[in-house]
Amino acid sequence: MLIKSSLQLYLRKINSILAIIIILFLIFHSILLALSMVNIIPYSLDFKKVGPILFSLVIIHLLISLYLCFEKKLKNRTVKLNYKVTDTAIQLISGILMVVLIVLHICYVIISPVYLVSTLQDGLMHIILDNLLVISILVHLSISMPRLLVSLGFLIGENDYKYARYVSNILLVVFLLIIFICELFYFVL
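A quick note: this is a predicted structure, and the numbers were derived from the prediction, not measured.

**Considering helix α5 (residues 160-187)**
Inference 1: A rise of 1.5 Å per residue sets the reference length of α5, with its 28 residues, at 40 Å; its end C-alpha atoms lie 40 Å apart and thus fit the reference within 8%.
Inference 2: Taken as a whole, α5 has its buried residues at Ala164, Ser168, Leu172, Leu176, Ile179, Cys182, Glu183 and Phe187.

Here's what the structure looks like:
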């Protein structure tokens, strides 16, 4: 039992570090694309190099998360459908949805590269897909970021978790609005 809990602790630490790296790559990827969409910097095909790295990290994070989530239940063979919606369930569902939307995002960028969008329909598809992806990321991070801060030992006070969740939600909504405005500017205006 001690070995199992050590493995879980080790995997949780790796997953926390992965989450930080993923968030940093996501911010970098988003800033580059947003700045190019509003013509502050020129678009470069080099921007696409960040995507596969980010996706690979997300897949590793997902696999570790799924293992940690289901390992105990599968060991005890007590997998039950629980209809109570908890933060963990929302985190799991949004994470899986996020991966599906990332795959759709990648496929659509391959089919209709952003720098070659010529019709309003293509632009709207990019906006819809990208914003659904960003919303799923935001839902996931809304729960994950305060939990990450707890894991790293930054939140120890009684109301720290609530406050961290409130602040992270504000930052995430601002992030969503910036992405939406940049895409609207690029694809529609």
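**Notes on the environment of Ala89**
Inference 1: With respect to the element layout, Ala89 can be found in helix α3 (residues 87-111).
Inference 2: C-alpha of Ala89 to C-alpha of Cys69: the two residues are 20 residues apart in sequence and 9.8 Å apart in space.

**Describing the nonpolar core**
Inference 1: Core analysis: the largest hydrophobic core is formed by 25 residues, its most contacted members being Leu133 and Ile137.
Inference 2: Going through the elements one at a time, α1 (2-37), α2 (50-76), α3, α4 (120-151) and α5 are the ones with two or more residues in this core.
Inference 3: Grouped together as the second largest cluster of nonpolar side chains are six residues, Ala34, Val114, Cys182 and Phe187 included.

**Brief notes about the packing of α4 against α5**
Inference 1: Two numbers describe how α4 lies on α5: the axes approach to 9 Å, and their chain directions differ by 165°. The orientation of α4 with respect to α5, classified from their angle, is roughly antiparallel. In this structure, α4 crosses over α5, and the sense of that crossing is right-handed.
Inference 2: In terms of residue class, the contact of α4 with α5 is made up of 20 nonpolar, six polar and four charged.

Thresholds applied
Residues numbered from 1 in each chain as written. Predicted model: local features only at pLDDT ≥ 70, side-chain atom pairs only at ≥ 80, totals over all residues. Heavy atoms only, no water. Helix = DSSP H or I, 4+ residues; strand = E, 2+ residues; numbered from the N terminus. Expected span 1.5 Å × (residues − 1). Buried < 20%, exposed > 50% of the residue type's maximum accessible area, 1.4 Å probe, protein only. Core = buried A, V, L, I, M, F, W, Y, C linked by side-chain atoms within 4.5 Å. Axes fitted to C-alpha atoms, helices over the stretch in contact; angles between N-to-C directions. Parallel < 35°, antiparallel > 145°, perpendicular 65-115°, else oblique. Left-handed = near helix turned anticlockwise from the far one by under 90°. Nonpolar A, V, L, I, M, F, W, Y, C, P; charged D, E, K, R; others polar.

Fair warning: the whole summary comes from geometry, so function is off the table for now.
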